[in-house]
Amino acid sequence: MTWDAVMRLALAQAHDALASGDVPVGAVVLDPAGEVIGTGHNVREAAADPTGHAEVLALRQAAAARGEWRLAGCTLVVTLEPCTMCAGALVLARVDRLVFGAYDDRLGAVGSLWDVVRDRRLNHRPEVVAGVLAAESAALLDGFFASRR
């Protein structure tokens, strides 16, 4: 399966974050049938919420749609490699698959700096698909941070 189409939905969410002055990261959760059941984009600045990461918001929305916190069979698609908080959240939610775009050498917790999702000490380890539309995701982030310098 190609993940480009779903990553484009996550990129649209990232553009929503950008429009509100937040770091442009977007996320989408798919149910086992491939239907979108959760979306999110960074709202840390807009909501003054340190947990306002795209992944957390998308996972919350997906859990509400399913009526349970366990997201077994679901896929989280996000434009940037998750941080430790978000990687931990997707492991705890029992997400089956993580698909992400750009790597995050500074804060990434799915292989760059740490590897939370593959830690054998944890009881759940999702499949990981990395680098989907990475150049587009990275360009959006690079443009955002260049404008802040």
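See the structure above.
The rules behind each value
- Residues numbered from 1 in each chain as written.
- Predicted model: local features only at pLDDT ≥ 70, side-chain atom pairs only at ≥ 80, totals over all residues.
- Heavy atoms only, no water.
- Pairing = 2+ DSSP bridges.
- Helix = DSSP H or I, 4+ residues; strand = E, 2+ residues; numbered from the N terminus.
- Core = buried A, V, L, I, M, F, W, Y, C linked by side-chain atoms within 4.5 Å.
- Buried < 20%, exposed > 50% of the residue type's maximum accessible area, 1.4 Å probe, protein only.
- Contact = heavy atoms within 4.5 Å.
- Axes fitted to C-alpha atoms, helices over the stretch in contact; angles between N-to-C directions.

Trainee: Got a sec to walk through the pairing of strand S2 (residues 36–41)? Specific residues and values, please.
Mentor: Of the pairings in the sheet, the one linking strand S1 (residues 26–30) to S2 comprises 5 bridges and is antiparallel in character. Residue pairing across strands places Val29 opposite Gly38, the latter belonging to S2. Linking S1 to S2, which pair antiparallel, is a turn of 5 residues; within it Gly34 sits at a positive phi near 90°.

Trainee: Which residues make up the nonpolar core, and what are the values?
Mentor: Within the largest apolar cluster, 28 residues are counted, with the highest numbers of intra-cluster contacts made by Val25, Val29, Leu71, Leu76, Leu90, Val95 and Leu98. Elements supplying a minimum of two residues to this core: S1, helix H3 (54–66), strand S3 (75–80), helix H4 (84–92), strand S4 (97–102) and helix H5 (134–148). The biggest single contributor to this core is H3, with 5 residues. Residues within four places of Leu98 in sequence aside, it is in contact with Leu76, Val78, Pro82, Leu90, Val110, Glu127, Val128 and Val129.

Trainee: So what about the sheet that holds S3? Which residues, and what values?
Mentor: Across the sheet, which stays open at both edges, the 5 strands sit in the order S2-S1-S3-S4-S5 with mixed pairing between neighbours. With partners counted over all chains shown, the strands left at the sheet margins are S2 and strand S5 (127–130), one partner each. Recorded for the sheet is a direction-independent mean angle of 15° between the axes of neighbouring strands. When S1 meets S3, the two strands line up antiparallel, connected through 4 bridges. In the strand pairing of S3, Val29 is matched with Leu76. Docked against the sheet, helix H1 (residues 4–19) engages S1, S2, S3 and S4, running at close to 140° with respect to S1.

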